[in-house]
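Here is what each chain is made of, one letter per residue.
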Amino acid sequence: MLKKLGLFRIAKQLNISFSRTMSMASKSKNKDKGADSLKDGTVLKELSPWPEYINDRIKLWDRLKAEYDADVAAKTPESINITLPDGKVVEGQSWRTTPYKVAAGIR
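This one's a predicted model, so the numbers in the text were calculated from it and none came from an experiment.

Caption draft 1: A look at the overall build of the protein. A tally of helices and strands in the protein yields four helices and two strands. Its helices and strands taken in sequence order, the protein reads α-α-α-β-β-α from the N to the C terminus. In the protein, buried positions account for 13% of the 107 residues. The long-range share in the protein, meaning contacts at least 24 apart out of those at least 6 apart in sequence, stands at 24%. For the protein, the accessible area works out to roughly 8,800 Å², and carbon and sulfur atoms hold 57% of it.

Caption draft 2: Just the pairing of strand S1 (residues 79-83), in detail. Within S1, only zero of the five residues are buried, which leaves it mostly out in the open. Inspection of the sheet shows S1 paired to strand S2 (residues 89-93) by five bridges, in the antiparallel sense. The residue of S2 that forms the bridge with Asn81 is Glu91. The turn linking S1 back onto S2 is made up of five residues, and Gly87 within it adopts a positive phi angle of 95°.

Caption draft 3: The packing of aromatic side chains, seen in detail. On inspection of all chains with the given rule, the structure shows zero aromatic pairs. The residue whose ring lies beneath Lys75 is Trp95, and the NZ or CZ to ring-centre distance is 4.1 Å.

Caption draft 4: Highlighting helix H3 (residues 52-74). Look at H3: 34 Å from first C-alpha to last across 23 residues, which is about the 33 Å you get at 1.5 Å a residue. Those residues of H3 lying buried are Ile54, Ile58 and Val72.

Caption draft 5: Representation of the side chain of Ser94 in the model. Considering the arrangement of structural elements, one finds Ser94 in the loop between S2 and helix H4 (99-104). Ser94 gets classed as buried once you look at its relative accessible area, which sits at 17%. Apart from residues no more than four positions distant in its own chain, Ser94 is found in contact with Thr76, Pro77, Glu78 and Ile80.

Caption draft 6: Representation of unusual backbone geometry. Between Ser48 and the following residue, Pro49, the backbone shows a cis peptide bond with an omega angle of 0°. Phi is positive for Trp95, close to 70°, though the residue is something other than glycine.

Caption draft 7: Just the confidence of the model for the protein, in detail. Residues of the protein with pLDDT of at least 70 account for 66%, and the chain-wide mean is 79. For the protein, the element scoring lowest by mean pLDDT is helix H2 (residues 24-29), at 48; S1 scores highest, at 97. Here residues 20-28 is modelled with pLDDT under 50, and outside its nearest four sequence neighbours on either side it reaches eleven contacts, counting other chains as well.

Caption draft 8: Summary view of the environment of Thr83. By the secondary structure assignment, Thr83 is in strand S1. Residue Thr83 is classed as exposed on the basis of its relative accessible area, which comes to 56%. Residue contacts for Thr83: discarding those within four places in its chain leaves Lys88 and Val89.

Rules of the game
- Residues numbered from 1 in each chain as written.
- Predicted model: local features only at pLDDT ≥ 70, side-chain atom pairs only at ≥ 80, totals over all residues.
- Heavy atoms only, no water.
- Helix = DSSP H or I, 4+ residues; strand = E, 2+ residues; numbered from the N terminus.
- Buried < 20%, exposed > 50% of the residue type's maximum accessible area, 1.4 Å probe, protein only.
- Contact = heavy atoms within 4.5 Å.
- Areas by Shrake-Rupley, 256 points an atom, 1.4 Å probe, with all protein chains shown as cover.
- Pairing = 2+ DSSP bridges.
- Phe/Tyr/Trp six-rings, centres within 6.5 Å; stacked < 30°, edge-to-face > 60°.
- Lys NZ or Arg CZ within 6 Å of the ring centre and 35° of its normal.
- Expected span 1.5 Å × (residues − 1).
- pLDDT = per-residue confidence, 0-100.

The following block contains the structure:
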């Protein structure tokens, strides 16, 4: 949930509005009423202004994310071998190599 709040903060800075919508399956059922309408005709919208606790949560997220990033940056990377399910071994560095980087190297 905290990641979603980060996206809302970025969208707000870029002046992009979000409408809270239901799942994709529900959207297709309500096509004739509009993507963000409920069966009873209620339209879901973003709260404006946001409740006060949202800004507190964004500040908490930013602080915790900064602490985590500083902690990871302070760790010394070591060479590691990553064994894939097919038996292929890929070299990487601890605290630096992400699953995405490993997957991007698969051909």
